[in-house]
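Close look at the chain arrangement
One letter stands for each residue in the lines below.
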Amino acid sequence: MALLLRLLPLALALALGPPAAQAGPARSPYQLVLQHSRLRGRQHGPNVCAVQKLIGTNKKYFTNCKQWYQRKICGKSTVISYECCPGYEKVPGEKGCPAALPLSNLYETLGVVGSTTTQLYTDRTEKLRPEMEGPGSFTIFAPSNEAWASLPAEVLDSLVSNVNIELLNALRYHMVNRRVLTDELKHGTALTSMYQNSDIQIHHYPNGIVTVNCARLLKADHHATNGVVHLIDRVISTISNNIQQIIEIEDTFETLRAAVAASGLNTLLEGDGQFTLLAPTNEAFEKIPAATLNRILGDPGALKDLLNNHILKSAMCAEAIVAGLSVETLQGTTLDVGCSGDMLTINGKAIISNKDILATNGVIHYIDELLIPDSAKTLFELAAESDVSTAIDLFTQAGFSTHLSGSERLTLLAPLNSVFKDGSPRVDARMKNLLRNHMVKDQLASKYLYHGQTLETLGGKKLRVFVYRNSLCIENSCIAAHDKRGRYGTLFTIDRMLTPPVGTVMDVLKGDNRFRMLVAAIQTAGLTEMLNREGVYTVFAPTDEAFQAMPPGELNKLLGNAKELASILKYHIGDEILVSGGIEALVRLKSLQGDKLEVSSKNNVVSVNKEPVAEADIMATNGVVYAISTVLQPPANRPQERGDELADSALEIFKQASAFSRGHTSVKLAPVYQRLLERMKH
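By convention here, each chain's residues receive numbers from 1 onward along its written sequence. At least 70 in pLDDT is required for a residue's local features to be given in this predicted model, at least 80 for side-chain atom pairs to be given and counted, and no such filter applies to totals for whole chains, interfaces and linings, which use all residues. To obtain the side-chain values, all non-hydrogen atoms of the structure were included, while hydrogens and water were left out.

Taking an unreviewed UniProt entry as the reference, the protein chain is identified by name as Transforming growth factor-beta-induced protein ig-h3 belonging to Pipistrellus kuhlii. UniProt positions are given in the numbering used here, feature names are shortened, and annotations may be inferred rather than shown by experiment. As stated in UniProt under Subcellular location (unreviewed entry), the record for the protein chain gives "Secreted, Extracellular space, Extracellular matrix". Annotation of the protein chain in UniProt includes, under Function (unreviewed entry), the sentence "Plays a role in cell adhesion. May play a role in cell-collagen interactions."

Focus on the overall build of the protein chain
Numbering of helices and strands starts at the N terminus; helices are DSSP runs of H or I of at least 4 residues and strands are runs of E of at least 2. The secondary structure content of the protein chain amounts to 27 helices and 35 strands. Classification of residues uses two cut-offs on accessible area relative to the type maximum, computed with a 1.4 Å probe and protein chains only: under 20% is buried, over 50% is exposed, and between them is partly exposed. The burial tally for the protein chain puts 47% of its 682 residues in the buried class. Two residues qualify as a contact provided that any one of their heavy atoms is within 4.5 Å of a heavy atom in the partner residue. For the protein chain, long-range pairs separated by at least 24 residues make up 63% of all intrachain contacts whose partners lie at least 6 apart in sequence. Accessible surface, the protein chain as shown: approximately 33,600 Å² in total, 52% of it carbon and sulfur. Under the convention used here, a 1.4 Å probe and the Shrake-Rupley method define accessible areas, while residue burial counts only the protein chains that appear.

Things to note about the packing of aromatic side chains
Two rings from Phe, Tyr or Trp (for Trp, the six-membered ring) form a pair when their centres are within 6.5 Å of each other. A pair whose planes differ by under 30 degrees is stacked, one over 60 is edge-to-face, and the rest are tilted. Inspection of every chain in the model, using the stated rule, returns 4 aromatic pairs. Consider the rings of F540 and Y626, whose centres lie 5.1 Å apart with planes at 25°: the pair is stacked. With F540 in strand β29 (residues 537-542) and Y626 in strand β35 (residues 623-628), this pair connects stretches of sequence that are 86 residues apart. Here Y626 falls in the buried class, since its relative accessible area comes to 0%. When the ring centre of Y61 is taken as origin, the NZ or CZ atom of R216, which lies over that ring, is 3.9 Å away. The ring of Y488 carries R487 above its face, with NZ or CZ at 4.8 Å from the centroid. Ring-over charges, as used throughout, are those where CZ of Arg or NZ of Lys falls within 6 Å of the ring centre and within 35 degrees of the ring normal.

Some remarks on the pairing of strand β20 (residues 362-367)
On any regular strand, side chains alternate: one points to one face of the sheet, the next to the other face. β20 sits mainly inside the fold: 6 of its 6 residues count as buried. Here β20 shows no split at all, with G362, I364 and Y366 on one side and V363, H365 and I367 on the other all buried. When DSSP finds two or more bridges between a pair of strands, those strands are recorded as paired. For strand β14 (residues 275-280) and β20, the ladder comprises 6 bridges, and the chain directions are parallel. Across the sheet, P280 pairs through a bridge with I367, a residue of β20. Here strand β19 (residues 352-359) folds back onto β20, and the loop between the two strands holds 2 residues.

Focus: the environment of I247
One can find I247 in helix α10 (residues 243-249). For I247, a relative accessible area of 0% corresponds to the buried category. C-alpha separation for the pair I247 and I364, spaced 117 residues apart in sequence, amounts to 9.5 Å. In this view, I247 contacts F253, L256, R257, V260, L269 and L277; residues no more than four positions away in its chain are not counted.

Focus: the state of the cysteines
The definition used for a disulfide is geometric: two cysteine sulfur atoms within 2.5 Å. The final tally for this structure, using the stated rule, is 5 disulfides. Each disulfide pairs two cysteine sulfurs, and for C49 the partner residue is C85, the sulfurs being separated by 2.0 Å. Disulfide C49 to C85: torsion about the S-S bond roughly 105°, handedness right-handed. Taken together, the residues C49 in strand β1 (residues 48-54) and C85 in the loop between β4 (76-84) and β5 (88-89) connect sequence positions 36 residues apart. The same class applies to C49 as to C85, namely buried. Between the sulfur atoms of C84 and its disulfide mate C97 the distance is 2.0 Å. Handedness of the C84-C97 disulfide follows from its S-S torsion of about -85°: it is left-handed. A residue pair is termed long-range when its members are at least 10 positions apart, and C84 in strand β4 and C97 in the loop between β5 and β6 (99-100) qualify at 13 residues. Using a relative accessible area of 1% as the deciding quantity, one classes C97 as buried. The connectivity of the disulfide-linked cysteines in the protein chain, indexed sequentially, is 1-4, 2-8, 3-5, 6-7, 9-10.

Notes on the sheet that holds β19
In spatial order, the strands read β15-β14-β20-β19; together these 4 strands make up an open sheet with mixed pairing. If you trace the sheet from one side to the other, it starts and ends with β15 (311-312) and β19, each paired once.

Some points on the nonpolar core
L509, L518, I522, L531, L569 and V625 are the most contacted members of the largest nonpolar core, which totals 31 residues. Tallying contributions element by element places helix α21 (residues 516-525) first for this core, with 5 residues. Leaving out residues up to four positions away in the same chain, L518 has contacts with L509, A541, P542, D544, F547 and L569. Residues I209, L335, I352 and V363 belong to the second largest nonpolar core, which totals 27 residues. Buried Ala, Val, Leu, Ile, Met, Phe, Trp, Tyr and Cys residues that are joined via side-chain atoms within 4.5 Å together make up what is termed a nonpolar core.

Now the structure itself:
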């Protein structure tokens, strides 16, 4: 019977299946990380957890799978150590940690979990130890011994000099009058402490880190007969001011205080919620040019965008950051928050000078550099951070600075610096006119552009938008980087100087001496009117040298047959506009003749039917022209391909005959046809 009773729990466990398969609440991030640590430590015995310890410190972390393989916390190397998971202890001579810790009252549990200093200070008060040893249900967030040791001497002196008021109140603030386990420690919630019902701020992050007033939970859920103990890494203190009140009383926020008042954000910063304010100090404001600062402070829209870019949507304590992560601001932008050792970084810069200043509605980190969003910048300021400095110099020389720094709504098409690798062009009247056509009326966003859309420039030209599978182009230029949308203007970085169309395809050909024979051929074939009217054409234009390279007899025969000449010329004309930036590895472009042209691009060389193009992207109002050095032949005119077509036709006939014979057993293919069919298949 005794054996049966001992086996009963095992039988029940097998019947119910593993815990993960049983119905129940989802595990919290902390519990998932603890579970991962258990899995990594199981080869050392039951209830052993693997922890990562920062080399040269006593800091330890239960980590997730990613951090386990990286072996780093905040960029610093870690070593793996193995210890008993929370709630268990070793037994001499046994592997792992097979024994559950004995269940004691809260006071005795403090000693078990490594908070003997908290025990010591509890003894000094007259009232608290009896409470911790008596009946009830409490939670205590117990500072580790190292946490007490790191307190400033003057703070510790003020506590121990008045143990029954200051020290007692401080300890009561670490306590909650009920049992609270980690699965109840929800992100952004508050617990009511046993000191004047003051709130304790709880944050539970996706990486498994839990903070209590920004103190990190080291070991959690140590059960006691009258409650639970959670070990934390610092002594916490009461929170009395909201974010706005802290800004009001700190001298280092004088400029920020004025900016918040001017923007009207003080209502948000003194209201309910849980925010993170990356608070620029006076020094941060002083680092930017006075003209820029005055412009932003005098522009309510830019000022609000600037401040919203310093406010995160949730409270982010420094201890929660063990690796890089992206966080969203109220402005809608994304900041890269990371850490390097003990320093927090924003977008890779260690600009946080003071961290974890707690408020009733969030947390403040002091920063020594402004985070100016694109939406608060002029086009000049946007361009200064992009690879378009040569183009901006040209616009400045052309006298267009006011367009780039004023309040005019426009979109700047700025070529990359690499476009000018052979030198910057001279800014003459022609260049000024061209640059004027790189400024589009209205502030655009590339995601709203569509194929066939026309854009009007400050120079009065109409530019067309072409949307391809992997490219977005405006005339011959394609967008090379994501938009930068400023206060009034948007910056489009483009891959070459834009050339607006100056006439129809026919005008382009007539205006270029390389195409005299082609123009004459077009006129003979009766295609002039078509290439002069509105349309969308891609013309592969053979030069005079291309025609002259043909055998004289073949050329004369072609020019003397208007119908065949028209067919050949139509084969050189695609039925849509394809600029070189829209060409992938291979594009099959349908010609007006009916057959398809194979257009490809490799190493910035465009080819059509494997023939390299001499010049690409000569823009016309009704199409684009490519100069080529060969007269292209349609597939039906190529001897080899004519043979291939005949062979294909013959093979199809034989296949049909073979199928017919299989369906009519009385009909047999002659052996010679059978052999021919087999040979043609192979």
